[in-house]
Amino acid sequence: MLRDKVALVTGASRGIGRQIALTFAGYGASVIVNYNGSKERAQEVVEMITAMGGKAVAVQADVASAEDVGRLFEEAHTAFGRIDILVNNAGITRDNLILKMSEEEFDTVLDTNLKGAFLCMKHAAKIMLRQKGGRIINISSISGIAGNAGQANYCAAKAGLIGLTKSLAKELGSRGITVNAVAPGLIETDMTQKLPEQVKEGMLAQIPLKRAGSVKDIAEAAAFLASDRAAYITGQTLQVNGGMA
Ligand code: NAP
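Residues numbered from 1 in each chain as written. Predicted model: local features only at pLDDT ≥ 70, side-chain atom pairs only at ≥ 80, totals over all residues. Heavy atoms only, no water.

(A) Spatial organisation of the site of the ligand. Taken together, the neighbourhood of the ligand is formed by 31 residues, with Ser13, Ser38, Asn89, Tyr154 and Thr189 sitting nearest. Interatomic distance of 3.1 Å between a backbone N/O atom of glycine 11 and an oxygen atom of the ligand. A distance of 2.8 Å is found between an oxygen atom of the ligand and a side-chain nitrogen or oxygen belonging to lysine 158. When the ligand sits alone it has 900 Å² of accessible area, and the protein chains cover 94% of it. (Near = heavy atom within 4 Å. Polar contact = N/O pair within 3.5 Å; in protein donor to acceptor, adjacent residues only side chain to side chain. Areas by Shrake-Rupley, 256 points an atom, 1.4 Å probe, with all protein chains shown as cover.)

(B) Inspection of unusual backbone geometry at higher detail. Located in the positive-phi region is lysine 132, a residue other than glycine, with phi close to 60°. Along the chain, the position of lysine 132 falls in the loop between α4 (103–131) and β5 (134–139). Judged by its relative accessible area of 62%, lysine 132 falls in the exposed class. Here the phi dihedral of lysine 210 falls at roughly 60°; this positive angle occurs in a residue that is not glycine. Within the secondary structure, lysine 210 sits in the loop between α8 (197–205) and α9 (215–226). (Helix = DSSP H or I, 4+ residues; strand = E, 2+ residues; numbered from the N terminus. Buried < 20%, exposed > 50% of the residue type's maximum accessible area, 1.4 Å probe, protein only.)

(C) Fine view of a negative patch on the surface. Together, Glu103, Glu104, Asp107 and Asp111 make up a negatively charged patch on the protein surface. Judged by relative accessible area, aspartate 111 falls into the partly exposed class, the value being 32%. (Patch = residues over 30% accessible without salt bridge, like charges linked within 9 Å, V, L, I, M, F, W, Y side chains within 5 Å. Salt bridge = Lys/Arg side-chain N within 4 Å of Asp/Glu carboxyl O. Lys, Arg positive; Asp, Glu negative; His and termini not counted. Charge placed at Lys NZ, Arg CZ, Asp CG, Glu CD.)

(D) View of the pairing of strand β4 (residues 85–88). Along β4, one buried face is formed by Ile85 and Val87 and the opposite face, lined by Leu86 and Asn88, is buried too. With 3 bridges joining them, strand β1 (residues 6–9) and β4 adopt parallel strand pairing. Opposite alanine 7, over in β4, you have isoleucine 85 as the bridge partner. Bridge analysis of β4 against β5 gives 4 bridges, and the strand direction is parallel. Counterpart to isoleucine 85 in the pairing with β5 is arginine 135. Viewed along the sheet, the connection from β4 through α4 into β5 turns out right-handed. (Pairing = 2+ DSSP bridges. Right-handed = clockwise from strand over helix to strand, strands pointing away.)

(E) Layout of the packing of α4 against helix α6 (residues 152–172). Two elements in contact, α4 and α6, have axes whose closest approach is 9 Å; the angle formed by their N-to-C orientations is 15°. As summarised for this structure, α4 and α6 are arranged roughly parallel, according to the angle between their axes. Where α4 crosses over α6, the two elements pack in a sense that is right-handed. Note on element contacts: α6 touches α4 through Asn153, Tyr154, Ala157, Lys158, Gly160, Leu161, Leu164, Leu168 and Leu172, opposite Glu105, Phe106, Val109, Leu110, Asn113, Leu114, Ala117, Phe118, Met121, Ala125 and Leu129. Tallied by class, residues from the contact of α4 with α6 come to 15 nonpolar, 3 polar and 2 charged. (Axes fitted to C-alpha atoms, helices over the stretch in contact; angles between N-to-C directions. Parallel < 35°, antiparallel > 145°, perpendicular 65-115°, else oblique. Left-handed = near helix turned anticlockwise from the far one by under 90°. Contact = heavy atoms within 4.5 Å. Nonpolar A, V, L, I, M, F, W, Y, C, P; charged D, E, K, R; others polar.)

(F) Structural view of the pairing of β1. The alternating pattern of β1 places Val6 and Leu8 on one face and Ala7 and Val9 on the opposite face, and all of these are buried. Bridge analysis of β1 against strand β2 (residues 30–35) gives 4 bridges, and the strand direction is parallel. Residue pairing in the sheet places leucine 8 in a bridge with isoleucine 32 of β2.

(G) A look at the sheet that holds β4. If you walk across this open sheet you meet the 7 strands as β3-β2-β1-β4-β5-β6-β7, and the pairing is parallel. The open sheet is flanked by β3 (56–60) and β7 (237–240), the only strands paired with a single partner. Each neighbouring strand pair of the sheet contributes to a mean axis angle of 20°, computed without reference to strand direction.

Put into structure tokens, the structure is as follows:
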């Protein structure tokens, strides 16, 4: 499904990004595995892809830093000579109620989850415009659609990502580049591990499919949007949440 494609996945050392990297490689893509702090975990992903007979490189870069993102795309381009797919997956939470939320908590989440995607899209768009085609997939969240108490910073960033997605779809569509978002619901990863049990139970009660999602549920949706099968889909947000919203 992704044979001969080159994919750059941000935040691919753990969780959803890690599974997207593995799934894309399984479908034939070469993968740039971006990470920030988890060097060994990222190297593990590269080794798993190599063991499958695929190609991958790990590149450290903080997506919130314009300098790091510039280097990430240089190293990615040097490694494989092209970039067909960008998945903006890197994300963090700094939850707090608005009265307690610090400016630093707000800025850090916006810088990583929203500005990081903007910086990556700028570089990817330049390469994809030259290549006359490409796929950009932004990992948003149900929180960006429905809002969530205690997550004003995160929800603002994730809603912002949907706006970026729609705008870039309009800017880049005429050049064969599609831009879509995936909005996961409750997915079992390190990020949701930290949620209090009571909060998780409350969320589970709202899911018609009666289970949390797996990283594979999200990776398969992203793979579809990255493939030729989704050639006529752009500017959309695909909700993968077990029917939660
Ligand atoms: P996770 O398990 O905490 O993993 C986060 C990944 O992002 C890690 O690989 C981490 O890399 C990377 N990352 C964080 N800050 C970064 C930075 N500044 N630069 C580069 N990479 C960075 O999270 P997850 O649950 O897989 O979430 C992945 C994405 O899905 C996020 O955008 C999240 O908001 C979204 N999402 C998750 C859920 C859910 O229920 N889990 C629901 C909706 C949306 P290092 O460890 O190397 O720093």
